[in-house]
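Report on the structure
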Amino acid sequence: QLTLVESGGGLVQAGGSLRLSCAASERTFSSYPMGWFHQAPGKEREFVAAITRSGDATYYAESVKGRFTISRDNAKNTVSLQMNSLKPEDTAVYYCAADTGWGTTPLWGSWGQGTQVTVSS
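Cut-offs and rules
- Residues numbered from 1 in each chain as written.
- Predicted model: local features only at pLDDT ≥ 70, side-chain atom pairs only at ≥ 80, totals over all residues.
- Heavy atoms only, no water.
- Disulfide = S-S within 2.5 Å.
- Helix = DSSP H or I, 4+ residues; strand = E, 2+ residues; numbered from the N terminus.
- Buried < 20%, exposed > 50% of the residue type's maximum accessible area, 1.4 Å probe, protein only.
- Phe/Tyr/Trp six-rings, centres within 6.5 Å; stacked < 30°, edge-to-face > 60°.

1. Here's the deal with the state of the cysteines
In the structure shown here, the tally under the stated rule is 1 disulfide. Across the disulfide from cysteine 22 sits cysteine 96; the S-S distance is 1.9 Å. Taking the sign of the S-S torsion, 50° for the link of cysteine 22 and cysteine 96, the bridge is right-handed. With cysteine 22 in strand 3 (residues 18–24) and cysteine 96 in strand 9 (residues 92–99), the pair connects residues that are 74 residues apart, well separated along the chain. Here cysteine 22 falls in the buried class, since its relative accessible area comes to 1%. The exposure class assigned to cysteine 96 is buried, which follows from its relative accessible area of 0%.

2. Some points on the packing of aromatic side chains
What the rule picks out here adds up to 4 aromatic pairs. Taken together, a centroid distance of 5.2 Å and an interplanar angle of 75° make the contact between phenylalanine 37 and tryptophan 108 edge-to-face. Placement of the pair is phenylalanine 37 in strand 4 (residues 34–39) and tryptophan 108 in strand 10 (residues 108–111), with a sequence separation of 71 residues. For phenylalanine 37, a relative accessible area of 8% corresponds to the buried category. Geometrically, the ring pair formed by tyrosine 95 and tryptophan 111 is edge-to-face, given 6.5 Å between the ring centres and 80° between the ring planes. Here tryptophan 111 lies in strand 10 and tyrosine 95 lies in strand 9, a separation of 16 residues in the sequence. Ring-pair connections join several aromatic residues into one group, and the members of that group are Phe37, Phe47, Tyr95, Trp108 and Trp111.

Structure follows, in structure tokens:
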């Protein structure tokens, strides 16, 4: 199975930046659309951003639009999330995921273990 490992989380002040990375275990990484999600304590896991197989299109939750950028490097089997202008409400565990389905509706079938992002006010 596809294994995903996130890194890059940490503690940052409001207005600061972090860059998260997700490393995949398979050479077939480029065949999967990829996404980032986050989950705050006591809340449901929420969609943050997604990127197509080739990286030619990206999608963002309204709450992060203009602040976060998702990208991928298929040669290195990685997907990244650049987070700028961070807000305390961005505090959450961030997960990367792979769309392992075959249809137009995403099937987030593979998940990383998560990395903690904490934004102080």
